Amino acid sequence: MPTGGRLTPLAPLNTWTGMSAFVGPVNDELNGIVQVQLGENDLSVVTAGLTWDGQLLAPGNKGPIFQARVKVGALLSGERVVIGLMSAYNATLDSTTRNLWFRLDGSLVVTIEGDDDTTNTDDKPTGVTLTADTWYWLTINASDPAAVSFWIDEQQVGTVAVTAISSGALQPAILLQKDATVVDTPYMYIDRVDCLWRRV
């Protein structure tokens with residue numbers, strides 16, 4: 001499949017920060033690792049991570065495939081991670097117009113979600129709980145919008161239907177978010193991110 005676009009390691013194309021957050025390379029890490037970490041005491045909801053800075057370059061009708069190698073630390077209630085594809089960023093993640101992503105919400109229990117601005121599937125269980133501080137390959141294959149497949153390492157963990165996704169475009173998104181009331185310093189690490197799609 002020809003490459004349509006790529007988010008390369010150590011290329012944080014945007015970050016959203018409230019009072020405090022860090023997105024950047026880990027010093028002296030072979031091959032390059034990006035760290036995302038939020039501050040302990042914040043007065044508002046804080047989100048940080050990697051995207052294409054709002055540039056929606058992956059056509060929904062060209063079968064985008066997203067893959068990332070990540071590891072996530074333990075999450076408390078009021079903390080969440082989304083990893084996958086989205087349209088324009090919205091601080092209220094559930095209000096994002098279009099998305100296809102893995103979601104961790106208050107724990108490392110993995111759910112999958114898909115929204116094409118017509119059909120919305122939230123918090124679909126996968127039966128998988130990640131182990132903190134462990135590397136995983138997460139893959140989303142949207143070559144069939146009627147059955148977008150989600151994979152953890154080499155295991156398929158579920159599908160969602162987003163048949164209207166072809167009417168919009170997407171960007172990669174790996175986001176860590178924390179509510180204002182949470183006193184904690186959640187973190188995750190990103191080793192590699194790729195986003196491919198058909199050119200014709």
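Residue positions are counted from 1 within each chain, in the order its sequence is given. In view of the model being predicted, local features appear only for residues whose pLDDT reaches at least 70, and side-chain atom pairs are presented and counted only at 80 or more, with totals across whole chains, interfaces and linings using the full set of residues. With hydrogens and water stripped out, all remaining heavy atoms of the structure feed into the side-chain values.

Visitor: Go over the overall build of the protein with me, naming the residues and quoting the values.
Guide: Looking only at helices and strands, the protein has zero helices and 14 strands in total. Numbered from the N terminus, helices here are DSSP runs of H or I no shorter than four residues, and strands are runs of E no shorter than two. For the protein, the sequential pattern of α-helices and β-strands runs β-β-β-β-β-β-β-β-β-β-β-β-β-β. As a reference, a globule follows 2.2 Å times the number of residues to the power 0.38, and the radius of gyration itself is taken over C-alpha atoms. By the compact-globule yardstick of 16 Å for 200 residues, the protein fits well, its C-alpha radius of gyration being 16 Å. Here the C-alpha coordinates of the protein stretch approximately 45 × 35 × 30 Å along the principal axes. Contacts in the protein between residues far apart in sequence, at least 24 positions, make up 67% of those at least 6 positions apart. Accessibility throughout is a Shrake-Rupley quantity obtained with a 1.4 Å probe, and a residue counts as covered only by protein chains that appear here. In the form shown here, the protein has an accessible surface area of approximately 8,600 Å², with 48% of it arising from carbon and sulfur atoms. The contact criterion used is simple: two residues touch if any of their non-hydrogen atoms lie within 4.5 Å.

Visitor: Now, about the pairing of strand 6 (residues 79-86): what can you tell me, with residues and values included?
Guide: Three exposure classes are used, based on accessible area relative to the maximum for each residue type with a 1.4 Å probe and protein chains only: buried under 20%, partly exposed in between, and exposed over 50%. Counting buried residues in strand 6 gives eight out of eight residues, a clear majority hidden from the surface. DSSP-based pairing: two strands are paired if at least 2 bridges between them are found. Looking at chain direction, strand 6 and strand 7 (residues 99-105) are connected through seven bridges and run antiparallel. Within strand 7, the residue paired with glycine 84 across the bridge is tryptophan 101.

Visitor: A description of the packing of aromatic side chains should follow, citing residues and the corresponding values.
Guide: In this description, an aromatic ring pair is defined by two values, namely the gap between the centres and the angle between the planes. Any Phe, Tyr or Trp ring, taking Trp's six-membered ring, that has another such ring centre within 6.5 Å forms a pair; planes under 30 degrees apart are called stacked, those over 60 apart edge-to-face, and the others tilted. One pass over the full model with this rule turns up three aromatic pairs. Pairing tryptophan 52 with tryptophan 197 gives two aromatic rings, centres 6.0 Å apart and planes at 75 degrees, and the pair type is edge-to-face. Placement of the pair is tryptophan 52 in the loop between strand 3 (46-51) and strand 4 (58-59) and tryptophan 197 in the segment after strand 14 (187-196), with a sequence separation of 145 residues. Accessibility assignment for this pair places tryptophan 52 and tryptophan 197 in one class, buried. Between phenylalanine 102 and phenylalanine 150, the aromatic rings sit 5.2 Å apart at their centres with planes inclined by 85 degrees, giving edge-to-face as the arrangement. Here the residue phenylalanine 102 occupies a position in strand 7, and phenylalanine 150 occupies one in strand 11 (residues 148-152), the gap between them amounting to 48 residues. Phenylalanine 150 matches phenylalanine 102 in its accessibility class, with the two residues each being buried. By definition here, charges over rings are those cases where NZ of Lys or CZ of Arg is within 6 Å of the ring centre and within 35 degrees of the ring normal. Over the aromatic face of tyrosine 189 sits the side chain of lysine 71, whose NZ or CZ is 5.4 Å from the ring centroid.

Visitor: Just give me the short version of unusual backbone geometry, but keep the residues and values in it.
Guide: With a phi close to 55 degrees, aspartate 53 is a non-glycine residue in the positive phi region. When its relative accessible area of 42% is taken as the criterion, aspartate 53 is described as partly exposed. Of note in this structure, aspartate 117 is not a glycine but carries a positive phi near 75 degrees. By the element assignment, aspartate 117 lies in the loop between strand 8 (109-115) and strand 9 (120-129). For aspartate 117, a relative accessible area of 51% puts it in the exposed group.

Visitor: If you had to explain the sheet that holds strand 10 (residues 136-141) to someone new, which residues and values would you point to?
Guide: Here we have seven strands laid out as an open sheet, ordered 1-2-14-5-10-11-12, and antiparallel in their pairing. This sheet does not close on itself; its edge strands, each paired only once, are strand 1 (21-25) and strand 12 (155-160). For this sheet, the mean inter-axis angle between neighbouring strands, taken without regard to orientation, is 20 degrees. Only the contacting stretch of a helix is used when fitting its axis, a line to C-alpha atoms as for every element, and angles between N-to-C directions run 0 to 180 degrees.

Visitor: Give a detailed account of the nonpolar core, specifying residues and quantitative values.
Guide: Core analysis: the biggest nonpolar cluster contains 44 residues, and Phe102, Phe150, Ile152, Ile174 and Ile190 have the highest contact counts within it. Apart from the residues lying within four places of it in its own chain, the contact partners of isoleucine 190 are Ile33, Val34, Val36, Leu50, Arg69, Val70, Trp135 and Ile174. Nonpolar core, defined: a set of buried Ala, Val, Leu, Ile, Met, Phe, Trp, Tyr and Cys residues in which side-chain atoms within 4.5 Å join the residues together.

Visitor: Please provide a residue-by-residue account of the pairing of strand 12, values included.
Guide: Within a regular strand, the side chains alternate between the two sheet faces. One ladder, built from five bridges, connects strand 11 with strand 12; its direction is antiparallel. Counted as the bridge partner of valine 148 is valine 160 from strand 12. Here strand 11 folds back onto strand 12 in antiparallel fashion, the turn holding two residues, of which aspartate 153 has a positive phi close to 55 degrees.

Visitor: With reference to specific residues and values, describe the pattern of salt bridges.
Guide: Pairs can form between side chains of opposite charge once their charged atoms are near each other. Salt bridges are defined by distance alone: a side-chain nitrogen of Lys or Arg within 4 Å of a carboxyl oxygen of Asp or Glu. In total, this model carries seven salt bridges according to the counting rule given. Between aspartate 94 and arginine 103 there is a salt bridge, with its nearest N and O atoms 2.9 Å apart. With a relative accessible area of 5%, arginine 103 lands in the buried category. One salt bridge connects arginine 103 with aspartate 105, and the closest N-O pair in it is separated by 3.1 Å.

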